[in-house]
Amino acid sequence: MRRLAGAHGIEAVPGIEVTAVEDGRDVHVLGYFLDPTDQAFGAFLTSQRAARVARVFAIAERLAALGVPTDLQLLLAAGPDRANRSIGRPQIARAMVDAGHVANTQEAFDKWLARDRPAFVPRSGPSPEHVVDAIHRAGGLASLAHPGRTQIDARIPALARAGLDAIEVYHSDHDVAAIERYRLVAQDLALLATGGSDYHGEPAHGVRPGDATLPHDEWKRLSAARRRHAVT
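These numbers were taken from a predicted model, which means no experiment stands behind them.

**Student:** How would you explain the overall build of the chain if you had to name every residue and give the values?
**Tutor:** For the chain, the helix and strand inventory stands at 10 helices and 5 strands. For a compact globule of 232 residues, the expected C-alpha radius of gyration is about 17 Å, and the chain comes in at 18 Å, within 12% of that figure. Overall, the chain is about 50 × 40 × 35 Å in size when its C-alpha atoms are taken along their principal axes. By the burial criterion, 43% of the 232 residues in the chain qualify as buried. Within the chain, contacts between residues at least 6 apart in sequence are counted, and of these 65% link residues at least 24 apart. Taken as a whole, the chain presents about 12600 Å² of accessible surface, with 53% of it coming from carbon and sulfur.

**Student:** Can you explain helix α10 (residues 216–224)? Please cite residues and give values.
**Tutor:** Taken as a whole, α10 has its buried residues at E218, L222 and S223. One face of α10 carries all of its buried residues, which in axial projection span an arc of 135°. Across α10 from its buried face, at more than 90 degrees, point the exposed residues H216, D217 and A224.

**Student:** Can you explain the pattern of salt bridges? Please cite residues and give values.
**Tutor:** This model, assessed by the stated rule, comprises 14 salt bridges. Two residues, R183 and E180, come together in a salt bridge whose shortest N-O distance is 2.8 Å. Here E180 and R183 lie together in helix α9 (residues 176–188), a separation of 3 residues that amounts to about one turn. Ionic contacts of the salt-bridge type, sharing partners, join the residues E22, E129 and R155 into one network.

**Student:** Now, about the packing of aromatic side chains: what can you tell me, with residues and values included?
**Tutor:** With the rule as written, the count across this model stands at 2 aromatic pairs. Centre to centre, the rings of F41 and F44 are 5.8 Å apart; their planes meet at 35°, and the pair counts as tilted. Of this pair, F41 and F44 both sit in helix α2 (residues 39–65), 3 residues apart, which is roughly one turn of that helix. For the residue pair F41 and F44, the accessibility class agrees, reading buried in each case.

**Student:** Account for the packing of helix α4 (residues 89–98) against helix α5 (residues 105–113), naming residues and giving values.
**Tutor:** The interhelical angle for the contact between α4 and α5, taken along N-to-C directions, is 105°, at an axis separation of 9 Å. Judged by the inter-axis angle, α4 sits roughly perpendicular to α5. For the pair α4 and α5, the contacting residues are R89, P90, I92, A93, R94, M96 and V97 in the first and T105, A108, F109, W112 and L113 in the second. Here the residues of the contact of α4 with α5 are counted per class, giving 9 nonpolar, 1 polar and 2 charged.

**Student:** Break down the environment of L192 for me, with residues and values.
**Tutor:** By the element assignment, L192 lies in strand β5 (residues 192–196). For the pair formed by L192 and L141, sequence separation is 51 residues and the distance between their alpha carbons is 9.6 Å. Excluding residues that lie within four positions of it along the chain, L192 makes contacts with L141, D165, A166, I167, A186, R221, L222, A225 and R228.

**Student:** So what about the sheet that holds β5? Which residues, and what values?
**Tutor:** One open sheet holds the 5 strands; their spatial order is β1-β2-β3-β4-β5, and the pairing between them is mixed. Strands at the two margins of the open sheet, each flanked by one partner only, are β1 (15–22) and β5. Strand-to-strand twist of the sheet, defined as the mean angle between neighbouring strand axes without regard to direction, takes the value 40°. In this sheet, strand β3 (residues 141–144) lies alongside strand β2 (residues 25–32) in antiparallel orientation, the contact comprising 4 bridges. Following the sheet pairing, Y32 is matched in β3 by L141.

Rules and cut-offs
- Residues numbered from 1 in each chain as written.
- Predicted model: local features only at pLDDT ≥ 70, side-chain atom pairs only at ≥ 80, totals over all residues.
- Heavy atoms only, no water.
- Helix = DSSP H or I, 4+ residues; strand = E, 2+ residues; numbered from the N terminus.
- Rg over C-alpha atoms; globule rule 2.2 N^0.38 Å.
- Buried < 20%, exposed > 50% of the residue type's maximum accessible area, 1.4 Å probe, protein only.
- Contact = heavy atoms within 4.5 Å.
- Areas by Shrake-Rupley, 256 points an atom, 1.4 Å probe, with all protein chains shown as cover.
- Arc of directions from axis to C-beta.
- Salt bridge = Lys/Arg side-chain N within 4 Å of Asp/Glu carboxyl O.
- Phe/Tyr/Trp six-rings, centres within 6.5 Å; stacked < 30°, edge-to-face > 60°.
- Axes fitted to C-alpha atoms, helices over the stretch in contact; angles between N-to-C directions.
- Parallel < 35°, antiparallel > 145°, perpendicular 65-115°, else oblique.
- Nonpolar A, V, L, I, M, F, W, Y, C, P; charged D, E, K, R; others polar.
- Pairing = 2+ DSSP bridges.

Right under this line is the structure:
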């Protein structure tokens, strides 16, 4: 991917979104500039994927009990890239669309899969601090994803003290007021800013690549910090 991007004059940045868990709720942490070949980080992701697969089975069992059976065999089947792919509720939602239970993935979440919906199964996983540390150990910068969506503002100062490098100021769910709010939070806590559309390949969510971007000056600051946790 990076070679292909380079051939077109584009810099491709290694990145990842990792789900931490705190008090039973998801906290998404973004990693930038990390080493994708880091073995310890790879082992960490393997354990994360195993937990996600177990959760998928639990959700499928709950859906079946609710009269919404979904064939997950293709979803769970081993393929050439199975070890490097994540699996979770978005894939279940697509399987539900394929089975004809819902019109689109947004309906799957709204009726069945979102928190407090009938087929929701709480996630277990590492703390945000643990995920930040894992990203650092792989040489990356860690950013708190879409704080305007997760509403954990009170935790941001503690996460900054624990080593958080940035917060996602620019996001497709952040309006002008939210952007300014989190820009000031980043400034006050000496954090970098990140930004992105949060497009996950599902057009039904109404988000497209490029709907939210990082201003060039903020990108320069982020890029300049890329060696902060470089593994030597």
